[in-house]
Amino acid sequence: MRYCISYYMQFTALLGGGRGLYIGDHDPTAAWKDMTWTADVDSQTLRYAISHPVLGWGGDKPVGQYKSPGDCVIGPFEGDWFDVARIYRKWAVTAPWCAKGPMYQRKDYPKWLLNLDYWACGHLGDYNDQQREFVKRDLFDFPNTATHDYGYYGQPYQHDVNVDYFPPRCGSVNYQNINQKLRARGGRVIPYVLGWMWNAGTDSYQLSGAKEKGAMLGEDRESILWAELSPSEECIAMCPASQIWRDKLTSVSMEHVKRYRTGGVYFDYFSDHMNDCHNPNHGHAVAGGDYWSRGVHELYEQVRDTVHKIDPEAMFCGEGPAEFALDVLDAQYTGTYPYDAPVWQAVYHDYTQLFGGMHWMEEGPVPVGRQWLRGHMNSVSGTWGYHKGGALPEAAQWQHDLLRCHHEFARPYLGYGQMLRPPVVTGDLPTITKKGGDGPFTVLAVEGTAWRAHDGSVGIFFFNYEDQPHQFTWKKDVAEIAGFDEATKLQLTQWTVEHGATPVEQINGGIIGGTTDVAPRGIVALKLEVVK
Ligand SMILES: [Zn+2]
């Protein structure tokens with residue numbers, strides 16, 4: 001397993017029986033690492049190895065000196081996945097990519113994105129596709145949304161046409177108009193851009209000397225690295241440290257934001273899809289170390305700084321969570337949640353937003369409910385866009401309730417709060433088994449999460465994935481991290497679909513909980529504030 005392709009963060013842990021062993025590599029340069037667990041069945045042992053390919057190992061001269069850029073940390077601990085994440089978080093928030101502070105504090109973090117109601121995937125290539133975005137827009141009708149545009153360019157398979165997307169398929173003026181009309185309704189378009197590849201069949205590649213100036217070379221310094229994303233095309237992997245590629249992505253982004261007034265740009269297939277470049281003429285150390293993380297970070301920084309001069313509210317996002325890019329990307333694409341431990345959120349939820357995973361046809365309560373509960377950006381399934389007629393279909397009401405709760409009440413927690421240890425949920429509850437990317441996974445019918453907002457208040461949320469009502473019991477220690485001990489008098493406020501936010505009672509802190517009824521696909525949303 002390689003950091004940062006298959007590992008998103010620089011730690012691992014062994015867990016079991018309420019204790020574990022933490023192994024972290026706290027490297028502020030986010031350099032390339034190979035991290036491997038090996039099991040030996042005969043001797044009943046496990047081995048773990050981390051290797052650091054040194055910066056410049058592919059250069060003309062052998063590397064004579066090496067110093068680890070960060071601390072390697074190993075030790076036992078008590079607890080579970082959440083405790084592991086908190087150990088890493090303690091260091092991670094001191095890393096350079098967190099230096100601008102949490103999202104809500106940052107001057108360069110787009111306010112509209114901080115307060116986004118939902119994210120939708122769409123295609124703005126032709127008239128019918130464009131109209132579908134307005135159907136979706138009218139159906140849920142929240143003031144602040146984004147449309148991730150996977151179809152403004154010439155053909156449906158985006159990897160073929162990179163990176164010459166202009167003029168847009170529907171025509172320049174039409175694309176300007178559709179951006180403007182959506183923007184007038186509070187909807188921003190985030191167009192797709194392939195971040196790593198340049199199609200060698202394009203005139204722009206051939207005429208600009210892109211091959212010499214920026215194509216990534218393999219270890220033999222001759223073979224050009226390219227990805228067979230589309231079998232009929234040569235999609236050349238471009239070196240993020242080369243000026244020509246930085247300038248190309250900057251100009252594509254400027255065209256989008258300045259000419260078409262898009263809300264920003266999405267970079268696919270780039271942030272964490274690392275490799276080494278062995279071209280000695282690009283001005284970077286050859287292979288290993290922080291070649292990739294530094295090269296990509298500096299590229300994003302150039303794009304961001306240039307575009308922000310004409311639109312300081314433009315947002316940038318990329319595929320795959322890449323911690324080293326948290327200060328230059330505003331959001332990171334990832335899938336939904338077929339696993340029980342949202343470790344990324346426990347480390348970074350107040351520092352960046354995750355989005356995506358809800359493409360066109362998923363609207364089940366487990367993926368949608370888990371996105372909401374775990375503080376992922378809310379996504380609206382493309383299926384709602386095919387709905388005929390103006391009224392909200394009954395089948396969509398529960399998702400509208402989730403969006404409304406987030407909009408009116410839950411945003412400082414689920415949108416950009418610090419994740420707390422989830423409440424313990426018990427009771428006579430069934431489990432649901434679903435298909436996931438790595439095989440089937442099982443969830444309890446009711447799950448919950450807890451968060452600390454920047455004003456110090458605590459939000460606790462539950463969702464019932466089933467079409468039957470349930471009764472459940474929950475317990476949560478609000479003294480942990482949030483500091484609400486037994487001596488603290490707290491005001492409890494509950495949000496409901498019927499009444500919105502309503503004060504319920506005053507309680508003491510410490511371990512709190514209760515037994516609660518929850519409606520089919522229903523929400524329990526609670527807030528705790530210190531009584532002054
Ligand atoms: Zn290079």
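Residues numbered from 1 in each chain as written. Predicted model: local features only at pLDDT ≥ 70, side-chain atom pairs only at ≥ 80, totals over all residues. Heavy atoms only, no water.

All right, on to the nonpolar core then. Counting 127 residues, the largest nonpolar core has Trp292, Tyr348 and Phe461 as the members making the most contacts within it. Sequence-distant contacts of Tyr348, that is, excluding residues within four places in its chain, are made with Met9, Tyr88, Ala92, Trp97, Cys98, Glu323 and Leu326. Formed by 21 residues, the second largest nonpolar core is a distinct cluster that contains Val425, Ile512, Val518 and Val524. (Core = buried A, V, L, I, M, F, W, Y, C linked by side-chain atoms within 4.5 Å. Buried < 20%, exposed > 50% of the residue type's maximum accessible area, 1.4 Å probe, protein only. Contact = heavy atoms within 4.5 Å.)

Moving on, we get to helix 7 (residues 243-259). Between its first and last C-alpha atoms helix 7 spans 23 Å; for 17 residues at 1.5 Å apiece the expected length is 24 Å, and the two agree. Taken as a whole, helix 7 has its buried residues at Ile244, Trp245, Arg246, Lys248, Leu249, Thr250, Val252, Ser253, Met254, His256 and Val257. (Helix = DSSP H or I, 4+ residues; strand = E, 2+ residues; numbered from the N terminus. Expected span 1.5 Å × (residues − 1).)

Moving on to the side chain of Gln130. Within the fold, Gln130 resides in helix 3 (residues 127-140). Sequence-distant contacts of Gln130, defined by excluding residues within four places in its chain, comprise His123, Leu124, Gly125, Cys170 and Ile178.

Our next topic: the coordination of the zinc ion. Taken together, the protein donors to the zinc ion comprise Cys239 (SG), Cys277 (SG), His282 (ND1) and His284 (NE2), at separations of 2.0 to 2.4 Å. One way to put it: the four donor atoms around the zinc ion meet at angles of 102 to 121°, and that makes the site tetrahedral. If you list the donors of the zinc ion from N- to C-terminus, the spacing comes out as C-x37-C-x4-H-x1-H. Highlighted residues: Cys239 in the loop between strand 12 (235-237) and helix 7 and His282 in the loop between strand 13 (264-268) and helix 8 (291-308), separated in sequence by 43 residues. (Donors = N, O, S within 2.8 Å, 3.2 Å for Na, K, Ca; no water. Tetrahedral: all angles 85-135°; square planar, octahedral: opposite > 155°, others 65-115°.)

Structurally, the chain comprises domain 1 (2-92), domain 2 (116-193 + 243-271 + 286-333) and domain 3 (417-530). Computed over C-alpha atoms only, the centres of domain 1 and domain 3 are separated by 33 Å. Surface buried jointly by domain 1 and domain 3 totals about 520 Å² across both partners, of which 54% is contributed by carbon and sulfur atoms. For the domain 1 face of the interface with domain 3, the top three residues by lost area are Trp81, Phe82 and Arg86, together amounting to 74%. Summed over the shared surface of domain 1 and domain 3, the number is two salt bridges. In this structure, Asp80 and Arg421 form a salt bridge, with 3.2 Å as the shortest nitrogen-oxygen distance. At the junction of domain 1 with domain 3, the criterion picks out three residue pairs in polar contact (both at pLDDT 80 or more). (Domains from an automatic or database assignment. Buried area = accessible area lost by both parts, 1.4 Å probe. Salt bridge = Lys/Arg side-chain N within 4 Å of Asp/Glu carboxyl O. Polar contact = N/O pair within 3.5 Å; in protein donor to acceptor, adjacent residues only side chain to side chain.)

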